[in-house]
Amino acid sequence: MNIGLFGFGVVGHGLYEVLQKTPGLQATIKNICVKDKNKQREIGPENFTYDKNDILNDDSINVVVELIDDADAAYEIVTAALKKGKAVVSANKKMVAEHFAELLQLQREYNVPLLYEAAACASMPIIRNLEEYYDNDLLDSIEGIVNGSTNYILTKTFSENLSYADALKQAQDLGFAESNPILDTGGFDAKYKLQILLAHSFGYIATPDEIFNLGIDNIGELELKYAKEKGLKIKLVAQAFKGADNTISAFVTPKFVTPEDRLYNVDDVFNGVLTKTYFADTHFFVGRGAGAYPTASAVLSDISALSYDYRYEYKKILRQENLSLSNDAELKVLLRHQKDDAEALKLKFNTVEEAYLNNSEGYITGDITLNNLKQLQQQYGTDVSFILINVVKETKSASTAQVAVPA
Ligand code: HSE
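Just so we're clear, the structure is a prediction, and the values are computed from it rather than from any experiment.

1. Quick word on unusual backbone geometry
Its identity is not glycine, yet Asp281 carries a phi of approximately 70 degrees, on the positive side. In the Ramachandran plot, Asp309 falls in the positive-phi region, its phi being about 60 degrees despite a non-glycine side chain. Relative to the helices and strands, Asp309 is located in the loop between helix H12 (292-307) and helix H13 (315-319). Overall, the relative accessible area of 66% leaves Asp309 in the exposed class.

Structure, rendered in structure tokens:
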């Protein structure tokens, strides 16, 4: 394999080193395309080009590895490479999530693979497992911590009392955070990853607008105090589960997790994903969710997979039966609010369990639909904050699953 590499940042440089240390893999980086001519780099300028066409038009390059952080530029590069019949490996979750249907179409039309294991949960091989292992055992739900930066920030602020700004700065310095950290802290990066996981677990291709995402940037003292008093931790959790009538619920929210929850001990930059299947019960994946070598290891695995002609078959997309996303899920949440808004907010809850007020603010705990939660978020903005306590839903039994097994 002759590789044309785009990007030589944290992950690109990581891949360069990882490839040097993996001589068994018959893959050589022939050219590296970067944007900034003046940036000081660890290897000489003879390794680099500044013109993407030097790679795209080079017929001896048969694999393009795209590791830049600009999703729009990545889209141009990846689509051009696929159209030229080059296999592509990408780590760009925003690009893959935003253009999923088109990228799938291009792979079919030009009969070339696009692999992106590093785009979701970095080192953790979750996409290939969802695509291959859970082919026959029907999945009921996936739930997990899929963003390393926010998990790092939550761990450092909550357990080690670091300030939010300092923890974010550390996540940036360690190369975990996106160039625009709002993508991490606002739950957008987690949402893009959830979109990708949704396609490979349930065969549903969602647009980013369809999936509700809350981040960690509006978590206040009251919620932290609540968590500490009850022995809970707050994690940013992405989840998707099947409901009645061919529906799926999918959303990203901060969540209180109990010490019994397997996500409780997934700290720092680690990611963890729980899959629940009808017949096998639960599986738990854990691994480093960001950083140079862990992300490069997933890219390396994709490059290696190309050597034996691996490609995603998108089996579940091919056989999915009119699934739709639903906002009807009922969630038990803690809602923090301004003092005067309490009564109006209570009306949006199906049931109110507890209500607390001090001189300036308060919280309500109780059951609310995802739909109402989205509405309140739009209406009240940063005047409210929600933390998920748990999902109030019916769990399907293996006997109902039998009815649902596709022919
Ligand atoms: N910013 C991302 C994260 C990088 O923190 O998870 C890995 O996708």
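2. As for the domain arrangement of the protein
With domains assigned, the protein is organised as domain 1 (2-115) and domain 2 (128-287 + 321-407). Here the C-alpha centre of domain 2 lies 32 Å away from the C-alpha centre of domain 1. Between domain 1 and domain 2, the residue contacts involve 10 residues of the former and 14 residues of the latter. Taken as a group, Lys93, Ala97 and Phe100 account for 55% of the area that domain 1 buries against domain 2, more than any other trio of residues on that side. Remark: the boundary between domain 1 and domain 2 carries two salt bridges. A salt bridge links Lys93 to Glu178, with the nearest nitrogen and oxygen atoms 2.8 Å apart. There are four residue pairs in polar contact (both at pLDDT 80 or more) connecting domain 1 and domain 2. Of all the elements in the fold, those that place two or more residues in the side of domain 1 that touches domain 2 are helix H4 (93-98) and helix H5 (100-110). When residues of the side of domain 1 that touches domain 2 are assigned to their parent elements, the largest contribution, five residues, is made by H4.

3. Brief notes about the packing of helix H3 (residues 71-83) against H5
Packing of H3 against H5 leaves a shortest axis separation of 9 Å and a crossing angle of 20 degrees. For the element pair H3 / H5, the angle class is roughly parallel. Relative to H5, H3 is oriented so that their crossing is left-handed. Of the residues in H5, those in contact with Tyr75, Val78, Thr79, Leu82 and Lys83 of H3 are Glu102, Leu103, Leu106 and Tyr110.

4. Some remarks on helix H11 (residues 221-229)
Residues Leu222, Glu223, Tyr226 and Ala227 constitute the buried set of H11. Buried positions in H11, seen along its axis, are confined to an arc of 135 degrees and lie on one side of it. Along H11, the residues that are exposed and aim more than 90 degrees away from the buried face are Glu221, Lys225 and Glu229. Just downstream of H11, Gly231 is the residue with a positive phi angle, here 70 degrees.

Criteria and thresholds
Think of each chain on its own: its residues are numbered from 1, step by step along the sequence as written. In keeping with the model being predicted, local features are shown solely for residues with a pLDDT of at least 70 and side-chain atom pairs are shown and tallied solely at 80 or more, while totals for entire chains, interfaces and linings include all residues. Here the side-chain values reflect all heavy atoms present in the structure, with hydrogen atoms and water set aside. Runs of E in the DSSP output that reach at least two residues are strands. Runs of H or I that reach at least four are helices, and both are numbered from the N terminus. For the exposure calls, accessible area comes from a 1.4 Å probe over protein chains only, and a residue counts as buried if that area is under 20% of its type's maximum, exposed if over 50%, partly exposed in between. An automatic or database domain assignment is the source of the domain bounds shown. In this description, contact between two residues means that some pair of their heavy atoms is separated by no more than 4.5 Å. Values labelled buried area give the accessible surface lost by two parts on being combined, using a 1.4 Å probe and summing over both. Each reported salt bridge corresponds to a side-chain nitrogen of Lys or Arg within 4 Å of a carboxyl oxygen of Asp or Glu. In protein, a polar contact requires one atom able to donate a hydrogen and another able to accept it; more generally it is a pair of N or O atoms within 3.5 Å, and residues adjacent in sequence count only if both atoms are side-chain atoms. Note on definitions: angles span 0 to 180 degrees between N-to-C directions of axes, and those axes are lines fitted to C-alpha atoms, for helices only across the stretch in contact. Just so you know how the angles are binned, under 35 degrees is roughly parallel, over 145 roughly antiparallel, 65 to 115 roughly perpendicular, and the rest oblique. Here a crossing is called left-handed whenever its near helix is offset anticlockwise from the far helix by less than a right angle, and right-handed whenever the offset is clockwise. This arc is built from the directions going out from the helix axis to the C-beta atoms.

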